Amino acid sequence: MSWKVEVDGNTCIGSGMCAALMPEVFELEGAVATVVKEEVDPDETVLDAADSCPAMAIEVTEKGEVIGPRP
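Quick caveat, the model's predicted, so the values are computed rather than measured.

(A) Focus on the nonpolar core. Within the largest apolar cluster, 21 residues are counted, with the highest numbers of intra-cluster contacts made by Trp 3, Val 5, Phe 26, Val 46, Ile 58 and Val 60. For this core, the elements supplying multiple residues, two or more each, are strand S1 (3-7), helix H1 (17-21), helix H2 (44-52) and strand S5 (58-62). The dominant element in this core, judged by the number of residues it contributes, is H2, at four residues.

Below you can see the structure in the form of structure tokens.
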């Protein structure tokens, strides 16, 4: 089982929180974050990155269902 990770480049404000938490998954590219690895093994830290994004620009899905950010 794996999770799919996406960053909405139109929403991202480039805070860098995600890249600081998971540099193996996210990186800052100019003024926005990008995903280095779209498919990841389930990891609570990926959900933490989605939860901590101030712009709510990160979406984590499992089998098409959104699991992050969490409410």
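Read on for the rest.
(B) Representation of unusual backbone geometry within the structure. That bond from Gly 68 to Pro 69 is cis: its omega, 5°, falls within 30 degrees of zero. Note that Pro 69 resides in the segment after strand S6 (65-68). Unlike most non-glycine residues, Lys 63 shows phi in positive territory, near 55°. For Lys 63, a relative accessible area of 78% gives the class exposed.

(C) Spatial organisation of the sheet that holds S1. Pairing within the open sheet is antiparallel, and its four strands lie in the order S4-S1-S5-S6. Strands with a single pairing partner mark the edges of an open sheet, and in this sheet they are strand S4 (39-40) and S6. Here four bridges tie S1 to S5, and the two strands are oriented antiparallel to one another. Note that in S5 the partner of Val 5 across the bridge is Val 60.

Definitions and limits used
- Residues numbered from 1 in each chain as written.
- Predicted model: local features only at pLDDT ≥ 70, side-chain atom pairs only at ≥ 80, totals over all residues.
- Heavy atoms only, no water.
- Core = buried A, V, L, I, M, F, W, Y, C linked by side-chain atoms within 4.5 Å.
- Buried < 20%, exposed > 50% of the residue type's maximum accessible area, 1.4 Å probe, protein only.
- Helix = DSSP H or I, 4+ residues; strand = E, 2+ residues; numbered from the N terminus.
- Pairing = 2+ DSSP bridges.

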